[in-house]
2 protein chains.
Amino acid sequence: MTEKKIRIIHYGLGPIGIETAKLVLRKTRMEIVGAVDIAPDKAGRDLGEILGLPERLNIPVSGDAKDLFRRVGADVVIHTASSRIRDIAPQLMEMVEAGLHVVSSSEELLFPMSENSKLLKDVHNLAVKRKVSVLGTGVNPGFVMDSLPLFLTGVCEEVESLRIERVVDAASRRYPLQKKVGAGMTEEEFRDKTSRKLMGHVGLVESLNLVAHHLGIPLDDVVETIDPVLAEKPVITAYFDLKKGDVAGIHHVARGIYKGEMPLLLVLDMYIGAPDPHDSIVIRGTPNIQMRIDGGVAGDQATAAVLVNTVPAVIAAKPGIVTVKDLPSPHFVR
Amino acid sequence: MTEKKIRIIHYGLGPIGIETAKLVLRKTRMEIVGAVDIAPDKAGRDLGEILGLPERLNIPVSGDAKDLFRRVGADVVIHTASSRIRDIAPQLMEMVEAGLHVVSSSEELLFPMSENSKLLKDVHNLAVKRKVSVLGTGVNPGFVMDSLPLFLTGVCEEVESLRIERVVDAASRRYPLQKKVGAGMTEEEFRDKTSRKLMGHVGLVESLNLVAHHLGIPLDDVVETIDPVLAEKPVITAYFDLKKGDVAGIHHVARGIYKGEMPLLLVLDMYIGAPDPHDSIVIRGTPNIQMRIDGGVAGDQATAAVLVNTVPAVIAAKPGIVTVKDLPSPHFVR
């Protein structure tokens, strides 16, 4: 059986974009037909070189998405360029205008709320018109703290509360993540940046709201706290040399409040030296469910995998901006 | 917002059917409009009485499905009447003929294979014509040993093998399950019944084939073994009084073989006194995933929950016979 391959354009060639493109090269049913990155050190070079491959792919990285979309026939854009919808809305417009489906790692696109939803109104309408689908997904948000817990509630007659916990040892991750969680800062710097809304994991509140929405819990309030985790002893990583008392990372909690109770609790710990990394989901309900993934679903590989494994389902989805809950659940695609 | 309720008919009022009907009564978006059971001790009685409720529901249990379908306007049949497709194919025809969607607990309907697929050809064609969907699902098969493992592979760049294990302490379950797994038999009886294909969990091979199909593993062979687990000491349950050496339950293994390797291994232990009940999934791949649900997703409550929580997705599914992998993953429905 010769099936037509799905033609992919990669938009954004940071660490996740690179990992994703390398994965697509191994998929029998997909092929890369183009790549975009606006960074001046990438545009114009061959994609093979950017991916660190020994061979050229004869795919020059374009600095002009609109022009690329005009020149190259494609089906799907895998978009790994930014977390914030205010930054990516114009990019999404160009993709949808060109009749391309989109799978994006944008954390805010998981479940666009309030202001973001307004920013996306034109994208949605045009996507419906062009019969293409636009999805935000990933591992977190997109899997371990939202769609997996929701999936597990499928075996519950009643659900009273969910406690979803993710512990990541930042020492095992790359430099940008260690920096993002505040490693190496003083506590004062961390608190100052937190007060200016510069710290915290984008997507945690989106996960909480996605879960609340589908469980039919009309939350009265969402309370978020972001605190530093301080090194209890000196720690040396590949990138940081922490003294005792330096910030090792973040303890980020989102609480969904309803009628004075807290039916939803999401706890995200990402710090250097975090013991016993894991993902856990505890559902109080009928029956109770207690799930745990030892080591946690960690790393850029898992994120790249979700993006790529979701491609066939996005093509088959209804047109417009969709969420992970609108699609058949993903699975490994060969 | 007043939403039209989904009108349900319950077909089969054994333990699972009863649990399911009681659950539907608590759902805000669903209502029971009819019930069918051909057992002479049930037909004609009020459903409330069959469910053990203090009040009447003014829904007489019908012994004639075809007649009920003609008289009552409904949307979905929740079917909990039999495991075997050869037994239920005529029942499914009647439902589909009446323009009703079907969610069935039939284990063989999870992923109809070979002979069963042929038996269902007319059902499928008529369902497409009548624009209704027919689904087989449940906890096992339908969730813990197939759709949950597949879901977890969604975060994998590569998948080499899956080991899926379910351990159920049969002492915690109702009499029919204890009997089904062979509790109280002699080893000789068990082996004799096994050789006559009367022992084993219907659905284990269906789970394996569903997983293999979606992971794109063209299995060369499926090797199934069924062995008794013998009581190591005397055990007394509510239903059985086991001597040392009596059969306590079953050890059922299905192996998917491909090119001399065993990429898929499903192990199901159900016996009285099984220590440490759990569901576990180990994926060897990139990354490795090691998941565990302490206590396991056990019991008729979980099965009833899956059937009911899947109802909205079945209504929205494409017409014909569908599988759990064609639908958005289920979640708790209020």
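Residues numbered from 1 in each chain as written. Chains lettered and ligands numbered in written order. Predicted model: local features only at pLDDT ≥ 70, side-chain atom pairs only at ≥ 80, totals over all residues. Heavy atoms only, no water.

(A) Structural context of the environment of Val324(B). Residue and element names in this part refer to chain B. Tracing the sequence through the fold places Val-324 in the segment after strand E15 (320-322). Spatially, the C-alpha atom of Val-324 lies 21 Å from that of Gln-91, the residues being 233 residues apart in sequence. Discounting residues that sit within four places of it in the chain, Val-324 has contacts with Leu-110, Leu-135, Gly-136, Thr-137, Gly-142, Ser-147 and Leu-210. (Helix = DSSP H or I, 4+ residues; strand = E, 2+ residues; numbered from the N terminus. Contact = heavy atoms within 4.5 Å.)

(B) Molecular detail of unusual backbone geometry. Of the consecutive residues Asn140(B) and Pro141(B), the connecting peptide bond is found in the cis state with omega at 5°. One can find Pro141(B) in the loop between strand E6 (133-136) and helix H7 (147-153). The step from Thr286(B) to Pro287(B) runs through a cis peptide bond, and the omega angle for that step is -10°. With respect to the helices and strands, Pro287(B) occurs in the loop between strand E13 (278-286) and strand E14 (289-294). Phi angles above zero are rare outside glycine, and Lys197(A) is one such case at about 60°. Looking at the element boundaries, Lys197(A) is found in the loop between helix H9 (187-195) and helix H10 (204-215). A positive phi is found at Asn58(B), a non-glycine position, where the angle reads about 55°. Along the chain, the position of Asn58(B) falls in the loop between helix H2 (47-50) and strand E3 (61-62). Taking relative accessible area as the criterion, Asn58(B) reaches 61% and is therefore assigned exposed. (Buried < 20%, exposed > 50% of the residue type's maximum accessible area, 1.4 Å probe, protein only.)

(C) Representation of the relation of the copies chain A and chain B within the structure. With an RMSD of 0.0 Å, chain A superimposes on chain B once it is rotated by 180° and translated 0.0 Å along the axis. On this basis, the relationship between the two copies can be described by a two-fold rotation axis. Relative to the rotation axis, the closest C-alpha in chain A is found at Pro328(A), a distance of 1.9 Å. A shared interface surface links the copies, since 100% of the contact residues of chain A are contact residues in chain B too. (Least-squares fit on C-alpha atoms with pLDDT ≥ 70 in both.)

(D) Molecular detail of the domain arrangement of chain A. Residue and element names in this part refer to chain A. Domain boundaries in chain A define domain 1 (6-138 + 301-326) and domain 2 (147-296). Between the C-alpha centres of domain 1 and domain 2 the distance comes to 27 Å. Contact residues are listed per partner, giving 12 residues for domain 1 and 12 residues for domain 2. Interface of domain 1 and domain 2: buried area, both sides summed, is about 1,100 Å²; carbon and sulfur atoms make up 75% of it. It is Phe-111, Met-113 and Lys-325 that lose the most area in domain 1 upon contact with domain 2, and together they represent 46% of the buried surface on that side. There are zero residue pairs in polar contact (both at pLDDT 80 or more) connecting domain 1 and domain 2. (Domains from an automatic or database assignment. Buried area = accessible area lost by both parts, 1.4 Å probe. Polar contact = N/O pair within 3.5 Å; in protein donor to acceptor, adjacent residues only side chain to side chain.)

(E) Region of the structure containing the nonpolar core. Leu148(A), Leu152(A), Val155(A), Leu148(B), Leu152(B), Val155(B) and Leu215(B) are the most contacted members of the largest nonpolar core, which has 175 residues in total. Sort the elements by how many residues they give to this core and helix H11 (residues 299-316) of chain A lands first, with nine residues. Those residues in contact with Leu215(B) that lie beyond four places of it in its chain are Phe332(A), Arg334(A), Leu150(B), Thr153(B), Val159(B), Leu162(B) and Leu264(B). (Core = buried A, V, L, I, M, F, W, Y, C linked by side-chain atoms within 4.5 Å.)

(F) Representation of the pairing of strand E4 (residues 76-79) of chain B within the structure. Residue and element names in this part refer to chain B. Taking every second residue as pointing to the same face, both faces of E4 are buried, with Val-76 and Ile-78 on one and Val-77 and His-79 on the other. Across four bridges, strand E1 (residues 6-11) lies against E4 in parallel orientation. Pairing of His-10 across the sheet is with Ile-78, part of E4. Bridge analysis of E4 against strand E5 (residues 101-104) gives four bridges, and the strand direction is parallel. When the sheet's bridge partners are listed, Val-77 is paired in E5 with Val-102. (Pairing = 2+ DSSP bridges.)

(G) Structural detail: the interface of chain A and chain B. Contact with chain A, which involves 47 residues of that partner, is made by 47 residues of chain B. The largest contributions to the chain A side of the interface with chain B come from Phe151(A), Glu157(A) and Phe332(A), which together make up 20% of the buried area. At the surface where chain A touches chain B, the tally comes to four salt bridges. Here Arg26(A) and Glu157(B) are joined by a salt bridge, their closest N and O atoms 3.3 Å apart. Listed by contribution, the elements that provide at least two residues to the side of chain A that touches chain B are helix H1 (15-25), helix H7 (147-153), strand E7 (158-169), H10, strand E14 (289-294) and H11 of chain A. Residue composition of the side of chain A that touches chain B, grouped by class: 26 nonpolar, 11 polar and 10 charged. Of the strand pairs in this sheet, E14(A) and E14(B) are connected by three bridges, and their pairing is antiparallel. For Met291(A), the partnering residue across the bridge sits in E14(B) and is Ile293(B). (Salt bridge = Lys/Arg side-chain N within 4 Å of Asp/Glu carboxyl O. Nonpolar A, V, L, I, M, F, W, Y, C, P; charged D, E, K, R; others polar.)

(H) Looking closely at the sheet that holds E5(B). All names here are of chain B. Strands sit in the order E3-E2-E1-E4-E5-E6-E15 across an open sheet of seven strands; the sheet is parallel. Whereas interior strands pair on both sides, the edge strands pair on one side only; in this sheet they are E3 and E15. The pairing of E6 with E15 spans three bridges and is parallel. Considered in E15, the bridge of Val-134 is made with Ile-321. Helix H4 (residues 85-97) contacts E1, E4, E5 and E6 of the sheet and is inclined by roughly 165° relative to E4. Across the sheet, helix H6 (residues 121-130) touches E6 and E15, and the angle it forms with E15 is around 110°. (Axes fitted to C-alpha atoms, helices over the stretch in contact; angles between N-to-C directions.)

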